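Residue strings, one per chain:
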Amino acid sequence: MTALEHAQGSLARASLDSCVKCTICETQCPVTRATPLFPGPKYVGPQAERLRDGKNVDYSLDYCSGCAICTTVCPQGVKIAEINGQARAVMKAQNGVPLRDRLITQTELEGKLLTPLAPIANWALGVKPVRKVMQAVVGVHADAPMPKAQPQSFMSWFKKRGGSKPNPNVKSRGPLVFFHGCAGGYFEVSTSKATVEVLEHLGYEVIVPKQGCCGLAMQSNGLLDSAAKLVRKLSNQLREADRDLTIISSSGSCAGMLRHEAHEIMGLEDPELMDVGSRMVETSEFLAELIQDGEFPVEDLRAINTSIPYHQPCQVKSQGIGKPAIEVMETIPGVTVVESGQPCCGIAGTYGLKKEKFDIAQRVGKPLFDMIQATNPKLATCETETCRWQIRKGTNAEVIHPIELVHAALGLSSVPEGASVSG
């Protein structure tokens, strides 16, 4: 059975009969708050699914951002976001996928093309007339947040330094596998570097196998069969390193694809994927466990004075891991974490890039932007790359992964603006 066939007859559909129409999902949906174009997760999800039976659907479904907050808050365990994601895939298979949606899902290809041309690419993406042409021709909004191309990919940096360099001054803790994701490989390279260097400081050998795209962007745009090919290939690549090792990722959304979405939305039950997903751990989750077990060298952390806003992305919330990033950051002396209290930043992967959804994404994100500007207008933290791009665009703050604050506290880099070192 293909991923699309699974979407047409998914077992997630069986959960809709547990819907008691309490409307909790409606009250928590960030998109419903922002636009009347989306009638709400209950309406397009369990309520409409009873009538669809694998057939075409109302186009209003496409205004669902796929944030999965509806599934997270449902007291009855209805897989609302999964049902909606599957219905969107069926709709696009029947009506056709826009060229724009096919182009913006090519994240690995974009990274490979932009990295050698980083200065030119960054200049061009900052020129308003160029962006206006992109909006008219491709359909990506002229003001949508764009990643900054880097002159060197993560893998190029890793190979140039000669692979992993565990700290010789501490007892070896053995090997780990690192999964960087497309954005962590080409755009948010500093996050991937910081992750490797912190793990090495703790005494781990970091193995980085050749790895491609997880297919998340394709999945969220309804291209399920294409996404399935990518995630299956990636699973085999990650297994080539070692089939027993823990896999660490600082890309919260890509980790979620392997742990949750490929199985729940696309119905993939390949033993290879299930194995990789069971060993996948987000970086903050991994460090929090070390701290709880007394295995993190807290004494190595220098004090950093800051009150730092923290926003947990939707795709990290949906993994059900709690909020380990808060514990990790507040282990650093002097750090006070202020949780955003907001459900979503609005970007939802590629959702907020699209010209017809950009304004909606900005309205969804505005309460978060306001909170950050009121708390610390220079510095904030968040675990996923596209969310960081959205928040940077909306606040002008520097937005980092929590691992980068740990990296600075260990003295491996300077403290970012918006924080200071004690003494």
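Before reading on, note that the structure itself is shown above.
A brief structural summary. Every chain's residues receive numbers from 1 upward, in the order its sequence appears when written. At least 70 in pLDDT is required for a residue's local features to be given in this predicted model, at least 80 for side-chain atom pairs to be given and counted, and no such filter applies to totals for whole chains, interfaces and linings, which use all residues. Think of the side-chain values as coming from all heavy atoms in the structure, minus any hydrogens and water.

**As for the sheet that holds strand β3 (residues 247-249)**
When DSSP locates at least two bridges between a pair of strands, those strands are taken to pair. Numbered from the N terminus, helices here are DSSP runs of H or I no shorter than four residues, and strands are runs of E no shorter than two. Across the sheet, which stays open at both edges, the four strands sit in the order β2-β1-β3-β4 with parallel pairing between neighbours. What marks the edges here is a single partner per strand, and that holds for β2 (204-207) and β4 (280-282). Sheet twist, expressed as the average angle between the axes of neighbouring strands with direction ignored, equals 40°. Note: β3 against β4, three bridges, orientation parallel. Residue Ser-249 lies in a different strand from β4, and its bridge partner there is Glu-282. Axes here mean lines fitted to C-alpha atoms, for a helix over just the part in contact, with angles spanning 0 to 180 degrees between N-to-C directions.

**Focus on the packing of helix α4 (residues 41-52) against helix α6 (residues 80-95)**
With their axes 9 Å apart at the nearest point, α4 and α6 run at an angle of 60° to one another. As the angle between them shows, α4 and α6 are arranged oblique. At the point where α4 passes α6, the crossing takes the left-handed sense. On α6, the residues that touch Pro-41, Val-44, Gly-45, Pro-46, Glu-49 and Arg-52 of α4 are Ile-80, Ile-83, Asn-84 and Ala-87. Within the contact of α4 with α6, the residues separate by chemical class into six nonpolar, two polar and two charged. We call two directions roughly parallel when the angle between them is under 35 degrees, roughly antiparallel when it is over 145, roughly perpendicular when it lies between 65 and 115, and oblique otherwise. Note on convention: near helix rotated counterclockwise from far helix by under a right angle means a left-handed crossing. Clockwise means right-handed. Two residues form a contact once any of their heavy atoms are found within 4.5 Å. Residues are grouped as follows: nonpolar covers Ala, Val, Leu, Ile, Met, Phe, Trp, Tyr, Cys and Pro; charged covers Asp, Glu, Lys and Arg; every other residue, Gly included, is treated as polar.

**Regarding the pairing of strand β5 (residues 304-311)**
Any residue under 20% of the maximum accessible area for its type is buried, any over 50% is exposed, and the rest in between are partly exposed; the area is computed with a 1.4 Å probe on protein chains only. Of all eight residues in β5, six are buried, a share of seventy percent or more. Inspection of the sheet shows β5 paired to strand β9 (residues 420-421) by two bridges, in the antiparallel sense. Residue Asn-305 lies in a different strand from β9, and its bridge partner there is Ser-420. Of the strand pairs in this sheet, β5 and strand β6 (residues 335-339) are connected by five bridges, and their pairing is parallel. Pairing of Tyr-310 across the sheet is with Glu-339, part of β6.

**A few points about empty space enclosed by the protein**
One way to see where empty space is left: roll a probe the size of a water molecule over the atoms. Residues are called lining when one of their atoms sits within 4 Å of a cavity or pocket point, these points coming from a 1 Å grid over the protein atoms alone, where a cavity is a set in which a 1.4 Å probe fits but cannot get out and a pocket is an open set with protein on both sides within 12 Å along at least five of seven lines. Grid points are joined across faces, edges and corners, and a volume is the space filled by probe spheres set on the points. Across all of its chains, the model carries four cavities of 30 Å³ or more by this definition. When its volume is computed, the largest cavity comes out at roughly 70 Å³. Within the lining of the largest cavity, the residues separate by chemical class into nine nonpolar, two polar and two charged. Size it by volume and the second largest cavity reaches roughly 60 Å³. Around the second largest cavity sit Cys-29, Val-31, Phe-38, Pro-41, Cys-64, Ser-65, Gly-66, Cys-67, Ala-68 and Cys-70, which together line it. Across the lining of the second largest cavity, the residue classes tally to eight nonpolar, two polar and no charged.

**Quick look at the nonpolar core**
Phe-154, Phe-286, Leu-287, Ile-304 and Val-406 are the most contacted members of the largest nonpolar core, which totals 44 residues. Beyond its immediate chain neighbours, meaning those up to four positions away, Ile-304 contacts Ile-332, Pro-333, Gly-334, Val-335, Leu-405, Ala-408, Ala-409, Val-415, Ala-419 and Ser-420. Counting residues in each nonpolar core, the second largest holds 27 residues, with Met-218, Met-257, Ala-262 and Met-280 among its members. As used here, the term nonpolar core means buried Ala, Val, Leu, Ile, Met, Phe, Trp, Tyr and Cys residues forming a set that is joined through side-chain atoms within 4.5 Å.

**Side note on the packing of helix α15 (residues 224-241) against helix α17 (residues 271-279)**
The relative placement of two packed helices is expressed as an angle between their axes plus a distance between the axes. Axis separation between α15 and α17 bottoms out at 9 Å; the angle between their running directions is 65°. α17 is crossed by α15, and the crossing has left-handed handedness. Contacts from Val-231, Ser-235, Asn-236, Leu-238 and Arg-239 in α15 reach Glu-272, Leu-273, Asp-275, Val-276 and Arg-279 in α17. In the contact of α15 with α17, the residues fall into four nonpolar, two polar and four charged.

**Some points on the pairing of strand β7 (residues 379-382)**
Here β7 shows two buried faces, one formed by Leu-379 and Thr-381 and the other by Ala-380 and Cys-382. Bridging between β5 and β7 involves two bridges; their strand directions are parallel. Each residue of the ladder has a partner; that of Tyr-310, found in β7, is Thr-381. Here β7 pairs with strand β8 (residues 398-400) via three bridges, running parallel. The partner of Thr-381 across the bridge, within β8, is Ile-400. With its strands directed away from the observer, a crossover is right-handed exactly when the path from the first strand over the helix to the second travels clockwise. Regarding the hand of the β-α-β motif, the stretch spanning β7, helix α22 (residues 385-395) and β8 is right-handed.

**So, unusual backbone geometry**
Here the phi dihedral of Ala-348 falls at roughly 45°; this positive angle occurs in a residue that is not glycine. Of note in the backbone geometry, Asn-396 takes a positive phi value of approximately 65° without being a glycine. If you trace the backbone, Asn-396 turns up in the loop between α22 and β8.

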